[in-house]
Amino acid sequence: MLNISTIVAGIVFVTLAAANVVAMLEVSQPSRSAATRNRLIAAHRLGGYLFVILLCIMAYSMSQRLVGVGITGHLPTHLVLHIVLVLVLVPVLFLKILIARRYKQSHSSLKALGIAIFVMCTL
(Lines give C-alpha, C1' and ligand atoms only; values in the text may rest on other atoms or scores of the structure.)
Protein backbone atom coordinates (compact mmCIF):
# COMPACT_ATOMS: atom_id res chain seq x y z
CA MET A 1 0.00 0.00 0.00
CA LEU A 2 2.85 2.36 0.83
CA ASN A 3 4.45 1.83 -2.57
CA ILE A 4 1.25 2.69 -4.44
CA SER A 5 0.79 5.94 -2.53
CA THR A 6 4.45 6.79 -3.11
CA ILE A 7 4.10 6.21 -6.83
CA VAL A 8 0.91 8.28 -7.01
CA ALA A 9 2.56 11.11 -5.04
CA GLY A 10 5.52 11.04 -7.44
CA ILE A 11 3.25 11.18 -10.48
CA VAL A 12 1.25 14.06 -8.98
CA PHE A 13 4.52 15.83 -8.12
CA VAL A 14 5.87 15.65 -11.68
CA THR A 15 2.46 16.53 -13.17
CA LEU A 16 2.20 19.56 -10.91
CA ALA A 17 5.68 20.67 -11.94
CA ALA A 18 4.80 20.25 -15.62
CA ALA A 19 1.55 22.17 -15.23
CA ASN A 20 3.39 25.03 -13.53
CA VAL A 21 5.97 25.21 -16.33
CA VAL A 22 3.24 25.20 -18.99
CA ALA A 23 1.28 27.90 -17.14
CA MET A 24 4.27 30.21 -16.97
CA LEU A 25 5.24 29.59 -20.59
CA GLU A 26 1.66 30.44 -21.59
CA VAL A 27 1.87 33.68 -19.59
CA SER A 28 4.89 34.72 -21.64
CA GLN A 29 2.84 34.67 -24.86
CA PRO A 30 2.34 38.29 -25.93
CA SER A 31 -1.17 37.67 -27.31
CA ARG A 32 -2.69 36.92 -23.88
CA SER A 33 -5.19 39.34 -22.39
CA ALA A 34 -4.57 40.81 -18.95
CA ALA A 35 -7.35 38.73 -17.39
CA THR A 36 -5.97 35.50 -18.84
CA ARG A 37 -2.46 36.38 -17.71
CA ASN A 38 -3.69 37.08 -14.18
CA ARG A 39 -5.57 33.77 -14.04
CA LEU A 40 -2.52 31.86 -15.28
CA ILE A 41 -0.28 33.59 -12.75
CA ALA A 42 -2.75 32.80 -9.96
CA ALA A 43 -2.89 29.17 -11.11
CA HIS A 44 0.92 29.02 -11.16
CA ARG A 45 1.11 30.52 -7.68
CA LEU A 46 -1.43 28.01 -6.32
CA GLY A 47 0.38 25.17 -8.10
CA GLY A 48 3.65 26.40 -6.61
CA TYR A 49 2.24 26.33 -3.10
CA LEU A 50 0.91 22.82 -3.67
CA PHE A 51 4.27 21.81 -5.12
CA VAL A 52 6.17 23.03 -2.05
CA ILE A 53 3.69 21.37 0.31
CA LEU A 54 3.92 18.08 -1.58
CA LEU A 55 7.73 18.32 -1.62
CA CYS A 56 7.74 18.78 2.17
CA ILE A 57 5.42 15.81 2.66
CA MET A 58 7.48 13.61 0.35
CA ALA A 59 10.77 14.66 1.96
CA TYR A 60 9.35 13.90 5.40
CA SER A 61 8.12 10.52 4.19
CA MET A 62 11.53 9.71 2.72
CA SER A 63 13.25 10.70 5.95
CA GLN A 64 10.94 8.42 7.92
CA ARG A 65 11.79 5.53 5.62
CA LEU A 66 15.48 6.27 6.18
CA VAL A 67 15.01 5.97 9.93
CA GLY A 68 14.09 2.32 9.46
CA VAL A 69 17.03 1.59 7.14
CA GLY A 70 19.60 3.58 9.07
CA ILE A 71 21.78 6.23 7.50
CA THR A 72 24.98 4.28 8.20
CA GLY A 73 23.78 1.15 6.41
CA HIS A 74 24.18 0.44 2.72
CA LEU A 75 21.60 2.54 0.90
CA PRO A 76 20.28 1.61 -2.55
CA THR A 77 21.51 3.80 -5.40
CA HIS A 78 18.04 5.08 -6.30
CA LEU A 79 17.48 6.19 -2.72
CA VAL A 80 20.78 8.07 -2.62
CA LEU A 81 19.88 9.74 -5.94
CA HIS A 82 16.53 10.88 -4.55
CA ILE A 83 18.18 12.26 -1.42
CA VAL A 84 20.70 14.21 -3.48
CA LEU A 85 17.95 15.55 -5.76
CA VAL A 86 15.92 16.77 -2.80
CA LEU A 87 18.98 18.38 -1.24
CA VAL A 88 19.66 20.22 -4.53
CA LEU A 89 16.01 21.01 -5.24
CA VAL A 90 15.30 22.75 -1.93
CA PRO A 91 17.84 25.61 -2.33
CA VAL A 92 16.95 26.09 -6.01
CA LEU A 93 13.27 26.26 -5.11
CA PHE A 94 14.03 28.67 -2.27
CA LEU A 95 16.06 30.86 -4.66
CA LYS A 96 13.21 30.93 -7.18
CA ILE A 97 10.70 31.92 -4.50
CA LEU A 98 13.07 34.60 -3.20
CA ILE A 99 13.58 36.07 -6.68
CA ALA A 100 9.85 35.93 -7.44
CA ARG A 101 9.01 37.78 -4.23
CA ARG A 102 11.85 40.33 -4.15
CA TYR A 103 13.04 40.87 -7.73
CA LYS A 104 9.95 40.72 -9.92
CA GLN A 105 11.77 42.17 -12.95
CA SER A 106 14.05 39.10 -13.28
CA HIS A 107 11.74 37.11 -15.56
CA SER A 108 14.52 35.36 -17.49
CA SER A 109 16.14 33.94 -14.36
CA LEU A 110 12.74 32.83 -13.06
CA LYS A 111 12.05 30.91 -16.27
CA ALA A 112 15.47 29.26 -16.18
CA LEU A 113 15.06 28.28 -12.52
CA GLY A 114 11.54 26.97 -13.17
CA ILE A 115 12.73 24.77 -16.00
CA ALA A 116 15.67 23.57 -13.90
CA ILE A 117 13.28 22.64 -11.10
CA PHE A 118 11.09 20.75 -13.56
CA VAL A 119 14.09 18.84 -14.93
CA MET A 120 15.18 17.89 -11.40
CA CYS A 121 11.64 16.66 -10.65
CA THR A 122 11.56 14.40 -13.67
CA LEU A 123 14.81 12.64 -12.80
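Treat the numbers as computed from the prediction; the structure is a model and nothing was measured.

**Focus: the overall build of the protein**
Secondary structure assignment for the protein yields four helices and zero strands. Seen in sequence order, the protein has helices and strands lined up from the N terminus as α-α-α-α. For the protein, the spread of C-alpha atoms along the principal axes amounts to about 55 × 30 × 20 Å. Per-residue burial for the protein yields a buried fraction of 24% across its 123 residues. Nonlocal contacts in the protein, meaning residues at least 24 apart in sequence, comprise 65% of its contacts between residues at least 6 apart. Split by element, the accessible area of the protein, about 8400 Å² in all, is 73% carbon and sulfur.

**Here's the deal with the packing of helix α3 (residues 77-102) against helix α4 (residues 107-122)**
Here α3 crosses α4 at 155 degrees, and the two axes come no closer than 10 Å. Here α3 lies roughly antiparallel to α4, going by the angle between them. For the element pair α3 and α4, the recorded crossing hand is left-handed. Contacts between α3 and α4 involve L85, V88, L89, V92, L93, L95, K96, I99 and A100 from the former and S109, L110, L113, G114, I117, M120 and C121 from the latter. Classifying every residue of the contact of α3 with α4 by side-chain character gives 13 nonpolar, two polar and one charged.

**Thoughts on the nonpolar core**
Judged by nonpolar contacts, the single largest core of 15 residues is most densely connected at F13, F51, L89, I117 and C121. Among the elements of the structure, α1 (2-27), α2 (34-69), α3 and α4 are those that each provide at least two residues to this core. With five residues, the single largest contributor to this core is α4. If we ignore the near neighbours within four places in the chain, the residues touching F51 are F13, L16, A17, N20, L93, I117 and C121.

**Focus on the confidence of the model for the protein**
Mean pLDDT for the protein: 84, with 93% of residues reaching 70 or above. Ranking the helices and strands of the protein by mean pLDDT puts α1 first, with 87, and α4 last, with 84.

**Concerning the side chain of K96**
Structurally, K96 can be placed in helix α3. Here K96 occupies a buried position and makes no salt bridge, while the nearest side chain of opposite charge, E26, is found at 16 Å. With residues up to four places along the chain from it excluded, the contact list for K96 reads H44, L110, L113, G114 and I117.

**Examining the side chain of H44**
Positionally, H44 belongs in helix α2. Relative accessible area serves as the criterion here: at 17%, H44 is assigned to the buried category. Apart from the residues within four sequence positions on either side, H44 is in contact with N20, A23, M24 and K96.

**Some remarks on the environment of G10**
Following the sequence through the fold, G10 ends up in helix α1. The exposure class assigned to G10 is partly exposed, which follows from its relative accessible area of 24%. For the pair G10 and R101, spaced 91 residues apart in sequence, the C-alpha separation works out to 27 Å.

Reading the values: rules and limits
Residues numbered from 1 in each chain as written. Predicted model: local features only at pLDDT ≥ 70, side-chain atom pairs only at ≥ 80, totals over all residues. Heavy atoms only, no water. Helix = DSSP H or I, 4+ residues; strand = E, 2+ residues; numbered from the N terminus. Buried < 20%, exposed > 50% of the residue type's maximum accessible area, 1.4 Å probe, protein only. Contact = heavy atoms within 4.5 Å. Areas by Shrake-Rupley, 256 points an atom, 1.4 Å probe, with all protein chains shown as cover. Axes fitted to C-alpha atoms, helices over the stretch in contact; angles between N-to-C directions. Parallel < 35°, antiparallel > 145°, perpendicular 65-115°, else oblique. Left-handed = near helix turned anticlockwise from the far one by under 90°. Nonpolar A, V, L, I, M, F, W, Y, C, P; charged D, E, K, R; others polar. Core = buried A, V, L, I, M, F, W, Y, C linked by side-chain atoms within 4.5 Å. pLDDT = per-residue confidence, 0-100. Lys, Arg positive; Asp, Glu negative; His and termini not counted. Salt bridge = Lys/Arg side-chain N within 4 Å of Asp/Glu carboxyl O.

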